[in-house]
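Chain by chain, the residues:
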Amino acid sequence: MSVVPTFDPVIHAPLRLQACAILSSVNEAEFALVRDTLGVSDSVLSKHLKQLEEAGYIKVRKAALGGRQRTWLSFTGKGRKSFAAHVAELERLAATVAAASQPD
Amino acid sequence: MAIDQNEAAAALASMREVRGRMAKGPRWGWGYHFLFGGVMGSLLAVQALPIVWRFVALAFCFMAILLMKKWGRDASGRFINGFRRGRTRIVAVGILAIFVPLYMICSWLNFSQHMWQAPLLGGLVMFPVGAFGDLIWVKAYDADLAEGK
């Protein structure tokens, strides 16, 4: 199935783009893993994830482990498609740089 | 909102970089690989058991698979479909390409030729294939991430 390149301002913010890059490489990731990989605080990550969740791009699931609450994040179908379309748009734009920098 | 080509290239580079960091994240460990090999081997070896015990053993295998899924999630902070795209799919298909014919050969030897030892030997062969196959799968996953895939 081909993806129509589409720029998505919700995804494009640097931290959200990186969080989406993590989520696209897994089926489900724990909040702590995403936070530690990005090197940000809980509150900063929560703020960005809220925006992705409100856009319907990610699902947030809470689960208890040893009396401790763990938060799991995953893409929705809509989120996965939007991210793929956004990446395709970035690749399309970046390819024009590569083409322009080729010697004649 | 419009972005220029350089910003697009930088955004792609930042994605690759963060996936590379994921490759250095928490791991499953050898215990997990051995358990995976054990389950794969057991799925073959149970054919040597009488029918009732075969179903009991299969129930244990499936319970072990569910526990492994939970263990993997909790240890690594992530859940990944074993058949995800990339090198990992090649490894997963490779493991199945060994498991399925071996299962069929052991079944045939056991039920048609009455060689009940065949599934046990098949299980012994499958154990290292599963354990090392799982280790190679993780290496393939890390290599995919390191390349930003």
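Structural notes, computed from the coordinates. (Residues numbered from 1 in each chain as written. Chains lettered and ligands numbered in written order. Predicted model: local features only at pLDDT ≥ 70, side-chain atom pairs only at ≥ 80, totals over all residues. Heavy atoms only, no water.)

1. Regarding the overall build of chain B
- The number of helices and strands found in chain B is 5 helices and 1 strand.
- Helices and strands appear in chain B in the N-to-C order α-α-α-β-α-α.
- A globule of 149 residues ought to have a C-alpha radius of gyration of about 15 Å, yet chain B, at 20 Å, is considerably larger.
- Taking the intrachain contacts of chain B between residues at least 6 apart in sequence as the baseline, contacts between residues at least 24 apart amount to 82%.
- Accessible area for chain B stands at about 8,200 Å²; split by element, carbon and sulfur atoms hold 73% of it.
- Across chain B, 16 positive and 8 negative side-chain charges occur, with their mean positions spaced 8 Å apart. (Helix = DSSP H or I, 4+ residues; strand = E, 2+ residues; numbered from the N terminus. Rg over C-alpha atoms; globule rule 2.2 N^0.38 Å. Contact = heavy atoms within 4.5 Å. Areas by Shrake-Rupley, 256 points an atom, 1.4 Å probe, with all protein chains shown as cover. Lys, Arg positive; Asp, Glu negative; His and termini not counted. Charge placed at Lys NZ, Arg CZ, Asp CG, Glu CD.)

2. Focus: the sheet that holds strand 3 (residues 68-75) of chain A
- Strands sit in the order 2(A)-3(A)-1(A)-1(B) across an open sheet of 4 strands; the sheet is antiparallel. At either end of the open sheet lies a strand with only one pairing partner, and these are strand 2 (58-65) of chain A together with strand 1 (78-79) of chain B.
- Alignment of strand 1 (residues 28-30) of chain A against strand 3 of chain A, held across 2 bridges, turns out to be antiparallel. Its bridge partner being in strand 3 of chain A, A:Ala29 is matched across the sheet by A:Leu73. (Pairing = 2+ DSSP bridges.)

3. Thoughts on the interface of chain B and chain A
- Listed per partner, the contact involves 29 residues of chain B and 28 residues of chain A.
- Between chain B and chain A the total buried area reaches about 2,400 Å² when both faces are included, carbon and sulfur atoms providing 66% of it.
- Applying the counting criterion to the chain B and chain A interface returns 2 salt bridges.
- With a closest N to O distance of 2.1 Å, B:Arg73 and A:Glu28 form a salt bridge.
- Scanning the region where chain B abuts chain A turns up 12 residue pairs in polar contact (both at pLDDT 80 or more).
- Every element with two or more residues in the side of chain B that touches chain A is listed here: helix 1 (5-22), helix 3 (51-76), strand 1 and helix 5 (117-146) of chain B.
- Per element, the largest residue contribution to the side of chain B that touches chain A is 14 residues, and it comes from helix 1 of chain B.
- Looking at chain direction, strand 1 of chain A and strand 1 of chain B are connected through 2 bridges and run antiparallel. If you follow A:Ala29 over to strand 1 of chain B, its bridge partner there is B:Arg78. (Buried area = accessible area lost by both parts, 1.4 Å probe. Salt bridge = Lys/Arg side-chain N within 4 Å of Asp/Glu carboxyl O. Polar contact = N/O pair within 3.5 Å; in protein donor to acceptor, adjacent residues only side chain to side chain.)

4. Quick notes on the environment of A:Glu91
All names here are of chain A.
- Of note, Glu91 is situated in helix 5 (residues 77-100).
- Look at Glu91 and you get partly exposed, because its relative accessible area is 45%.
- Residues Glu91 and Val3 lie 88 residues apart in sequence; the distance between their C-alpha atoms is 12 Å. (Buried < 20%, exposed > 50% of the residue type's maximum accessible area, 1.4 Å probe, protein only.)

5. Some thoughts on helix 2 (residues 14-24) of chain A
- Buried residues dominate helix 2 of chain A, accounting for 9 of its 11 residues.
- Three or more residues of helix 2 of chain A are buried, namely A:Leu15, A:Arg16, A:Leu17, A:Gln18, A:Ala19, A:Cys20, A:Ala21, A:Ile22 and A:Leu23.

6. Quick notes on a nonpolar patch on the surface
- Together, B:Leu49, B:Ile51, B:Val52, B:Trp53, B:Phe55, B:Val56, B:Phe60 and B:Met63 make up an exposed nonpolar region whose accessible area comes to about 850 Å².
- Position of B:Phe55 among the secondary structure elements: in helix 3. (Patch = residues over 30% accessible without salt bridge, like charges linked within 9 Å, V, L, I, M, F, W, Y side chains within 5 Å.)

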